[in-house]
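So you can see what is in the structure, the chains are spelled out below.
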Amino acid sequence: MKLLVCIKQVPDMESKFKIDTDGVWYDRGDLAWRMNEYDEYAVEQAVQVKEATGADLTVLCIGPDQVKETMKKALAMGCDRGVHIADDQSHRRDPFQIASLIAAFARDKGFDLIFTGMQSQDRGSGQVGVMAAELLGLPAVTTIVGFALAGNTITVKRELEGGVKATVEATLPALVTCQLGLNTPRYPTLPNIMKAKKKELLTVAAADLSPADALLNTVKLTFPEKKGGGVFLEGDVGEVADRLIRILKEKTSVLA
Amino acid sequence: MKMLLVAEYRQKKLLESYTELLAFAGQFGAECAMFLVGDGAAELPKFAGRLYLADVATYGEYNPDAHKRLLLDVVAQEQPEMIVFSHSSYGWDLAPRLAASLKAAQVSEVVAVDAGRLVVPACNAKLRRTVAGNGAVTIATLQAGAFSLADAAAGSPEVIAVKGEGQGRVALLGYEAAEHGGVDLTKSEVIVSAGRGVGKPENITLVAGLAKALGGEYGASRPVVDAQWVEHNRQVGTTGLTVSPKLYVACGISGAVQHLAGMKKSEFVVAINTDRDAPIGDVADVFAVADLKQLLPVLTEKLQAL
Ligand SMILES: Cc1cc2nc3c(=O)[nH]c(=O)nc-3n(C[C@H](O)[C@H](O)[C@H](O)COP(=O)(O)OP(=O)(O)OC[C@H]3O[C@@H](n4cnc5c(N)ncnc54)[C@H](O)[C@@H]3O)c2cc1C
Ligand SMILES: Nc1ncnc2c1ncn2[C@@H]1O[C@H](COP(=O)(O)O)[C@@H](O)[C@H]1O
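Analysis parameters
Residues numbered from 1 in each chain as written. Chains lettered and ligands numbered in written order. Predicted model: local features only at pLDDT ≥ 70, side-chain atom pairs only at ≥ 80, totals over all residues. Heavy atoms only, no water. Near = heavy atom within 4 Å. Polar contact = N/O pair within 3.5 Å; in protein donor to acceptor, adjacent residues only side chain to side chain. Areas by Shrake-Rupley, 256 points an atom, 1.4 Å probe, with all protein chains shown as cover. Helix = DSSP H or I, 4+ residues; strand = E, 2+ residues; numbered from the N terminus. Nonpolar A, V, L, I, M, F, W, Y, C, P; charged D, E, K, R; others polar. Pairing = 2+ DSSP bridges. Axes fitted to C-alpha atoms, helices over the stretch in contact; angles between N-to-C directions. Contact = heavy atoms within 4.5 Å. Salt bridge = Lys/Arg side-chain N within 4 Å of Asp/Glu carboxyl O. Buried < 20%, exposed > 50% of the residue type's maximum accessible area, 1.4 Å probe, protein only.

Visitor: I'm lost on the site of ligand 1 in this one. Help?
Guide: By nearness alone, 34 residues border ligand 1, and Ser 221, Thr 239, Ser 254, Gln 258 and Asn 273 of chain B come closest of all. Site remark: ligand 1 is flanked by residues from chains A and B. Side-chain polar atom of Thr 239 of chain B to a nitrogen atom of ligand 1: 2.7 Å apart, as the coordinates give it. Take Ser 254 of chain B: an N or O atom from its side chain is 2.7 Å from an oxygen atom of ligand 1. Burial of ligand 1 by the protein chains amounts to 91% of its free accessible area of 980 Å². Elements supplying a minimum of two residues to the shell around ligand 1: helix 6 (222-226), helix 7 (257-263), strand 17 (268-273) and helix 8 (292-304) of chain B. Grouping the amino acids of the shell around ligand 1 by side-chain chemistry returns 12 nonpolar, 16 polar and six charged.

Here it is as structure tokens:
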């Protein structure tokens, strides 16, 4: 069995973002980068399937050279090899283009199961996985919070609104997009981090995979208008606590 | 502008969210048709226009292959410039399938319209992106609650039955109800919630301690529940509870839209967060820029001494 997991490198969401000079994306300098949170669940699930079945597991990431750092984490978590699709412009590509690159790589490789995150934290489009499945002609199930594989069939739980879940079945080959809480992503151990350094990390140029044309353009990136009205309390915690209690007494009835 | 709005039917019910699609279309003064896989004998969306209705008994509540094919037929008939879904478990699943088939731009989780262009959040709502599709058709999914009708929806649609191939490669086996039982947070007047900023499970006691000192209950954001530091019946947000207490204290919670959806109707909101720019600030009446590990013990002690 052959497995593929697609991961994206994203900035830490607690970063202080600045708008880039082009006005359509954030400034990529001075940021701490990590694996897209949703993709950690995808990697963990893929590694669990690999461990249970002895399948072969490839991790794929599209982006500039720096994404290799994040790929190393996936290798240390248990992926067998990495395929880096080198693309300095990946942050400007729309989801359809990213999906077209994944599909171009995966086509004819015979993957039985492809895992992606349900969405990326910076773009939050939730499109890439499903579009890649469509381009590859595979059935896809989104937002999974439960996964079981028996023979050629996957039985997954889709998360719906309000905590309701739907149980859904599909036959391999298939693609699933992974939601938070699907499993408990492992921390790479030191020996596994060392082993990961020796694993194969192949680079393919994005241009060689002929990405599709963009369907969507960003006109501008802006900071949301602050609603305002809120009071900020800062400084010594004792004083902050006193001021907060005073405000709660004045503005609410909970301390009455 | 011609729009095709995609309404939803789940667990034998028409979802009210179709009115949000109508509100969005209203901002464009669009001419609307609607698509629904539902039950013609049950409640239908209230609007004046063509309703393309496929029978849920044949096509199922979740059968993306069949629903996509039915939609593609309706799109061919209606030739809409925009196809609009809710950004819901149905919408974000089906919209990209249609987008890929039509080679149409998809704009996910629209929160606003700015001079005819669609605005979406980026980076956990810390940024906003204004986008434009390049082609003749654009597909949009709307953030839950971002658009609402001023008046109740009205009118009765002209129903057009649609049929097609019912086969699909994914099968819905059934539903599982949300976990309930134990504490009922929706009845608490004060809720103090723990977010990932608590750092480790031991610090939940700081949050629970403050909740007790305020005479309330403690809740949590999703990552804290996923990590099993707090039970699911205390999770606030779209996949947890919707609460509206007199006081909501968010400790180490960034304020992602899925969390805000569950608590923004609270009467008074206090945020305790080290990141002054965290989007929880958009709904906070008071924002204490502080490390919760330092502030919570001091605050709790002072409250106990009152
Ligand atoms: C379909 C879907 C459904 C979802 N449903 C829900 C839901 O029902 N409920 C929900 O909550 N989420 C839900 N989410 C997840 C949501 O998108 C966010 O990932 C989640 O709300 C983030 O939780 P958080 O704010 O606790 O963590 P983070 O976003 O990681 O934020 C942690 C915050 O803690 C602050 N912090 C760090 N250290 C400290 C400190 N020492 N003192 C004070 N502050 C500190 C940081 O500045 C940051 O703002 C859903 C997501 C999806 C895609
Ligand atoms: N640059 C990328 N390289 C590899 N996979 C990606 C990339 N961008 C997105 N993905 C995958 O697609 C999922 C959904 O992304 P998005 O549609 O951007 O929200 C992510 O969770 C990843 O699994």
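Visitor: Looking at this structure, I do not really get the sheet that holds strand 6 (residues 82-86) of chain B. What am I missing?
Guide: Sheet strands pair by backbone hydrogen bonding; their relative direction is either parallel or antiparallel. Residues and elements named next belong to chain B. The sheet built from seven strands is open, its strands ordered 7-11-6-1-4-5-12 with parallel pairing. Both outer strands of the open sheet, strand 7 (105-110) and strand 12 (158-161), are each paired with one neighbouring strand and no more. Between one strand axis and the next, the sheet turns by 25 degrees as a mean value, whatever way the strands run. By the bridge criterion, three bridges tie strand 1 (residues 2-6) to strand 6 in an arrangement that is parallel. Paired with Leu 5 across the strands is Val 84, a residue of strand 6. Taken strand by strand, helix 3 (residues 64-78) contacts strand 1, strand 4 (31-38), strand 5 (50-55) and strand 6, and its axis lies near 155 degrees from that of strand 4. On the sheet, helix 4 (residues 91-102) packs against strand 6, strand 7 and strand 11 (138-142) and is oriented at approximately 160 degrees with respect to strand 6.

Visitor: Help me out: how do you make sense of the site of ligand 2 in this one?
Guide: All names here are of chain A. Residues in contact with ligand 2 amount to 18 residues; listed here are only the nearest, Cys 6, Asp 39, Ser 120, Ser 125 and Gly 126. Interatomic distance of 2.9 Å between a backbone N/O atom of Ile 62 and a nitrogen atom of ligand 2. Here an oxygen atom of ligand 2 and a backbone polar atom of Val 128 are 2.9 Å apart. When the free accessible area of ligand 2 is taken as 480 Å², the share hidden by the protein chains comes to 98%. Broken down by secondary-structure element, the contributors of at least two residues to the shell around ligand 2 are strand 4 (56-63) and strand 6 (113-117). Considering every element that reaches the shell around ligand 2, the biggest residue donor is strand 4, with three residues. Residues that form the shell around ligand 2 fall into these classes: seven nonpolar, nine polar and two charged.

Visitor: Is there a simple way to think about the pattern of salt bridges in this case?
Guide: Two side chains with opposite charge may pair up if their charged atoms get near one another. Taken as a whole, this structure holds 36 salt bridges over all chains when the rule is applied. With its nearest N and O atoms 3.4 Å apart, the salt bridge here joins Lys 72 of chain A to Glu 69 of chain A. Of this pair, Lys 72 of chain A and Glu 69 of chain A are both found in helix 2 (residues 67-77), three residues apart, which corresponds to roughly one turn of the helix. A network of salt bridges, in which partner residues are shared, links Lys 2, Glu 31, Arg 50 and Glu 78 of chain B.

Visitor: Explain the pairing of strand 4 of chain B here, please?
Guide: If a strand is regular, its side chains alternate between the two faces of the sheet. Residues and elements named next belong to chain B. Counting buried residues along strand 4, seven of its eight residues qualify, which places the element largely inside the surrounding structure. In this structure, strand 1 lies alongside strand 4, joined through five bridges in parallel fashion. In the sheet register, Leu 5 faces strand 4, and the bridge partner there is Met 34. In terms of strand pairing, strand 4 meets strand 5 through five bridges, oriented parallel.

Visitor: Quick question: what am I supposed to make of the environment of Thr 130 of chain B here?
Guide: Mapping Thr 130 of chain B onto the fold places it in strand 10 (residues 127-133). A relative accessible area of 4% places Thr 130 of chain B in the buried class. As for Thr 130 of chain B and Ser 193 of chain B, which are separated by 63 residues in sequence, their C-alpha atoms are 33 Å apart. Sequence-distant contacts of Thr 130 of chain B, that is, excluding residues within four places in its chain, are made with Asn 217, Thr 218, Val 219 and Lys 220 of chain A together with Arg 117, Leu 118 and Val 119 of chain B.

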